[in-house]
Amino acid sequence: MENKRSQVQNLERVQALEAWLKTTNTKLTQVNGQRKYGGPPDAWDGPTPGERCEVFISHIPRDTYEDLLIPLFSTVGSLWEFRLMMNFSGQNRGFAYAKYGTPALATEAILKLNGYMLEPKCYLCVRRSTEKRHLCIGNLPAATKQEDLMQVLQQLVEGVERVSLKTGPGIQGVSAVVAFSSHHTASMAKKDLVAEFKKQFSLEISIKWEPGENPSPNQTCSQQAPKILLQPCFLPCSQAVSHPSALPQLLPAAPPVPQGFCRAVGEPVSPLHPHACNPLSSSQQHMLCAASPVMLLRKVCEANRFGQPFYELHYSLARPDGFVKFTYKVLIPGISTTFRGKVMVLPGPSIRVMLEEAQRAAAQQLLQKLFGNQQAV
């Protein structure tokens, strides 16, 4: 497992983080998909921050960590808390939250650091965090009383401040709007209450942010932090990407990948049918893992007189685990079947790099499907 994680992470960045933590004696806590500093830090001697003291940071490269981010945002003023969202691969999820002691410092951070170029062609987006504190709980029994619900909620979760009930047209049963003391307590309640109500009372409730209070890391940012859009592209395999388009967001640089590790993973979205081809020799089978899959597929097609493969790649989405998904269609003139599938690749420094990575992954899938049964296990 550790070796697999190291293949996804940028080991130099991880080592730099560990060295910084040791040198500065900084403590980070991993909890609920995020890594937290402070809240408050040991040296904090001021009051607990109120509203409008937190900023939301997006467009963070996936292999950038607290050793760069905390010092950067501390140039504005002392941080009460810094939270970096993480995924299971060990990469960050591209966004974080920084909380200062006053709204004025948060405003200064936005003015100073929004559009900050953290690395070439990578601009941070910094804006005011909307610390949502209200949840809407639906499908409650018709006989629900406000004071009883308040008592139950206070026993199940922390931070409940007040409850108000809603009934009327379009509302099934009884709904309640619950105010919490902080966004954190509201988020924890949103995560836990459905299971608790089912366990304690056999009730299937619904829970969501009160309308207008749904925090999203994908909101648009100012023009200082540009974003990129991608259009579908059509590539013959023998050509480099000559017309790189743009992605819906600025994608961060990918970490270096050790030799022997294929960055792309994926699965076919429709069944592929093997065709009668000249079998691969043992040396060709070795090339399937060692050489460029695009080059190998082209050579195999030439040897069987199928003609040159053509690739049609479409950007699909950026996944929460850090991978970017592409769908593909590969046309081989001498084969009647159109090969379709999907692949996931790590973000790269440019769209050109990611398209080439997705092309390699698609070629590798085709080779494995066409000749997988002939390869040694």
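Residues numbered from 1 in each chain as written. Predicted model: local features only at pLDDT ≥ 70, side-chain atom pairs only at ≥ 80, totals over all residues. Heavy atoms only, no water.

Participant: Looking at this model, I keep getting lost on the overall build of the protein. Mind explaining?
Facilitator: A count of helical and extended segments in the protein gives nine helices and 17 strands. Taken across its 377 residues, the protein has 45% of its residues classed as buried. Intrachain contacts of the protein at a sequence separation of at least 6 include 67% that bridge at least 24 residues. Just so you have it, the protein exposes about 19600 Å², and 52% of that area is on carbon and sulfur atoms. (Helix = DSSP H or I, 4+ residues; strand = E, 2+ residues; numbered from the N terminus. Buried < 20%, exposed > 50% of the residue type's maximum accessible area, 1.4 Å probe, protein only. Contact = heavy atoms within 4.5 Å. Areas by Shrake-Rupley, 256 points an atom, 1.4 Å probe, with all protein chains shown as cover.)

Participant: What am I meant to see in the nonpolar core here?
Facilitator: Side chains of nonpolar character tend, in soluble globular proteins, to be buried together. If you look at the biggest cluster of nonpolar residues, it comprises 28 residues, and the most contacted ones within it are Phe-326 and Ile-332. Contributing elements (two or more residues each) for this core: α8 (293–303), β15 (310–318), β16 (324–331), β17 (339–345) and α9 (351–371). When residues of this core are assigned to their parent elements, the largest contribution, 10 residues, is made by α9. Grouped together as the second largest cluster of nonpolar side chains are 26 residues, Val-55, Ile-70, Phe-73 and Ala-98 included. (Core = buried A, V, L, I, M, F, W, Y, C linked by side-chain atoms within 4.5 Å.)

Participant: Sorry, what's going on with the packing of helix α5 (residues 146–156) against helix α6 (residues 183–201) here?
Facilitator: Each pair of packed helices can be summarised by the angle the axes make with each other and by the distance between the axes. α6 packs onto α5 with a crossing angle of 110 degrees between their chain directions and a minimal axis gap of 11 Å. Taken together, α5 and α6 sit at an angle that is classed as roughly perpendicular. α5 and α6 meet at a crossing whose hand is right-handed. Between α5 and α6, the contacting residues are Leu-149, Val-152, Leu-153 and Leu-156 on the first element and Leu-193, Glu-196, Phe-197, Gln-200 and Phe-201 on the second. In terms of residue class, the contact of α5 with α6 is built from seven nonpolar, one polar and one charged. (Axes fitted to C-alpha atoms, helices over the stretch in contact; angles between N-to-C directions. Parallel < 35°, antiparallel > 145°, perpendicular 65-115°, else oblique. Left-handed = near helix turned anticlockwise from the far one by under 90°. Nonpolar A, V, L, I, M, F, W, Y, C, P; charged D, E, K, R; others polar.)

Participant: Help me understand the side chain of Asp-67 in this model?
Facilitator: Assignment of secondary structure puts Asp-67 in helix α3 (residues 66–74). Here Asp-67 occupies a buried position and makes no salt bridge, while the nearest side chain of opposite charge, Arg-13, is found at 6.8 Å. Not counting residues up to four positions away in its chain, the partners in contact with Asp-67 are Ala-16, Leu-17 and Trp-20. (Lys, Arg positive; Asp, Glu negative; His and termini not counted. Salt bridge = Lys/Arg side-chain N within 4 Å of Asp/Glu carboxyl O.)

Participant: Would you explain the sheet that holds strand β4 (residues 79–86) in this entry?
Facilitator: Sheets are built from strands that pair by backbone hydrogen bonding, the pairs being arranged parallel or antiparallel. A sheet is described by the order of its strands in space; here six strands give the open sequence β1-β2-β4-β5-β3-β8, paired in antiparallel fashion. Taken across any chain shown, the strands that pair with only one partner, and hence form the sheet edges, are β1 (28–31) and β8 (125–128). Each neighbouring strand pair of the sheet contributes to a mean axis angle of 20 degrees, computed without reference to strand direction. Sheet topology note: the strand β3 (residues 54–58)/β8 ladder contains four bridges and is antiparallel. (Pairing = 2+ DSSP bridges.)

Participant: Hey, could you run me through α8 in this one?
Facilitator: For the α-helix, the turn length of 3.6 residues means that residues three or four positions removed from each other point alike. Within α8, burial applies to Pro-293, Val-294, Leu-296, Leu-297, Val-300 and Cys-301. Along the axis of α8, the buried residues cluster in a sector spanning 165 degrees; they form a single face. Of the residues trailing α8, Arg-305 is marked for its positive phi of about 55 degrees. (Arc of directions from axis to C-beta.)

Participant: Sorry, what's going on with the side chain of Glu-210 here?
Facilitator: Mapped onto the elements of the fold, Glu-210 is located in the loop between β12 (206–209) and β13 (233–236). For the buried Glu-210, no salt bridge is present, and the opposite-charge side chain at shortest range is Lys-166, 4.1 Å distant.

Participant: Looking at this model, I keep getting lost on the environment of Val-160. Mind explaining?
Facilitator: Take Val-160: it is sitting in strand β10 (residues 160–166). Taking C-alpha positions, Val-160 is 9.2 Å from Ser-182, a pair spaced 22 residues apart along the chain. Those residues within four positions of Val-160 in sequence are excluded, and the remaining contacts are Met-150, Leu-153, Gln-154, Val-178, Ala-179 and Phe-180.

Participant: Which parts of the structure should I look at to understand the sheet that holds β12?
Facilitator: Pairing is antiparallel in the open sheet, where four strands are placed in the order β10-β11-β9-β12. The open sheet terminates on both sides in strands that have one partner only, identified here as β10 and β12. Ignoring which end each strand starts from, the neighbouring axes of this sheet average 25 degrees apart. Where strand β9 (residues 134–140) meets strand β11 (residues 174–180), five bridges bridge the pair, whose relative direction is antiparallel. Residue pairing across strands places Leu-135 opposite Val-178, the latter belonging to β11. Relative to β10, α5 is tilted by about 140 degrees, and along the sheet it contacts β9, β10 and β11.

Participant: Any chance you could explain the pairing of strand β2 (residues 34–38) here in plain terms?
Facilitator: A regular strand places its side chains so that they alternate between the two faces of the sheet. Bridge analysis of β1 against β2 gives four bridges, and the strand direction is antiparallel. Bridge pairing in β2 places Leu-28 opposite Tyr-37. Remark: two residues form the turn of the hairpin made by β1 and β2, two consecutive strands paired antiparallel; Asn-32 in that turn has positive phi of roughly 50 degrees. Examined bridge by bridge, β2 and β4 share five bridges and lie antiparallel to one another. For Gln-34, the partnering residue across the bridge sits in β4 and is Met-85.

Participant: Before we go on, may I ask you to explain α5 in this structure?
Facilitator: Residues Leu-149, Met-150 and Leu-153 constitute the buried set of α5. The arc enclosing the buried residues of α5, seen along the axis, measures out at 105 degrees, which places them on a common side. Facing away from the buried side of α5 by over 90 degrees, the exposed positions are Glu-147 and Gln-155. If you follow the buried residues of α5, they end up packed against β9, β10, β11 and α6.

Participant: I keep staring at the packing of aromatic side chains and nothing clicks. Help me out?
Facilitator: How two aromatic rings sit relative to each other is set out by the distance from centre to centre and by the angle between their planes. Under the counting rule described, the total for this entry stands at five aromatic pairs. Centre to centre, the rings of Phe-95 and Tyr-97 are 6.3 Å apart; their planes meet at 80 degrees, and the pair counts as edge-to-face. Here Phe-95 and Tyr-97 have matching classes, each one buried. Of the aromatic side chains, those joined through ring pairs into one cluster are Phe-56, Phe-95 and Tyr-97. (Phe/Tyr/Trp six-rings, centres within 6.5 Å; stacked < 30°, edge-to-face > 60°.)

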